[in-house]
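A structural walkthrough
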Amino acid sequence: MAVKIIRMEGDPVLRQVAKPIPEVTSNIQKLLTDLADTMYDTGNGIGLAAPQIGILKRAIVVDVGEGLIELVNPEVIASEGEQIGPEGCLSIPGVSGDVLRANRVSVKALNRHGEEFEITGEGMLARCLLHEIDHLNGILFTDHVRRMATGAEQRPGKRKK
Ligand code: ZN
């Protein structure tokens, strides 16, 4: 069990683009385990990306209640539909906001044995995958919230509190 310290908003590591993982070595397997341990230790986390523990490598874990999924070098290969729903982030405690996401995404990645696989998720799983992949590109959900708020200001009738 290796629970790592979760980096908080304001830490520059959260704003950097993580590097692709050329090979799934035992160090990467350990990173995936650390990510899962750290996520489960929070008690309410459903996803965690390596930059959130200070590692700028393209690895994420998610568990929306259907079991742990480990993804190395995840890449969105298809998306469809839209959903708007509340999101939060372990790196931004106490903050939540509505984010527009695709309702269904297919993601290609490597597993902990270096084998390629594809996963298609809808609803919460799609949202979580997209949120974590954003982390690998230095994007936080609050960036999307701000964009939505800006859109709302241009259409006063649609403004929400
Ligand atoms: Zn997050």
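Residues numbered from 1 in each chain as written. Predicted model: local features only at pLDDT ≥ 70, side-chain atom pairs only at ≥ 80, totals over all residues. Heavy atoms only, no water.

A look at the overall build of the chain
Each helix and strand in the chain was counted, giving three helices and seven strands. Along the chain, from the amino end to the carboxyl end, the secondary structure elements read α-β-β-β-β-β-β-β-α-α. In terms of overall size, the chain behaves like a compact globule, its C-alpha atoms giving a radius of gyration of 16 Å where 161 residues would be expected to give roughly 15 Å. On the principal axes, the C-alpha backbone points of the chain span a range of 55 × 30 × 25 Å. Taken across its 161 residues, the chain has 46% of its residues classed as buried. The long-range share in the chain, meaning contacts at least 24 apart out of those at least 6 apart in sequence, stands at 66%. By element, 51% of the accessible surface of the chain is carried by carbon and sulfur atoms, the whole surface being about 8,600 Å². (Helix = DSSP H or I, 4+ residues; strand = E, 2+ residues; numbered from the N terminus. Rg over C-alpha atoms; globule rule 2.2 N^0.38 Å. Buried < 20%, exposed > 50% of the residue type's maximum accessible area, 1.4 Å probe, protein only. Contact = heavy atoms within 4.5 Å. Areas by Shrake-Rupley, 256 points an atom, 1.4 Å probe, with all protein chains shown as cover.)

Structural notes on the coordination of the zinc ion
For the zinc ion, the full set of protein donor atoms is Cys89 (SG), His131 (NE2) and His135 (NE2), at a range of 2.1 to 2.3 Å. Each donor residue of the zinc ion lies on one chain, and together they are spaced C-x41-H-x3-H. In this pair, Cys89 is assigned in strand E4 (residues 83-89) and His131 in helix H2 (residues 124-136), connecting sequence segments 42 residues apart. Given the relative accessible area of 6%, His131 is considered buried. (Donors = N, O, S within 2.8 Å, 3.2 Å for Na, K, Ca; no water.)

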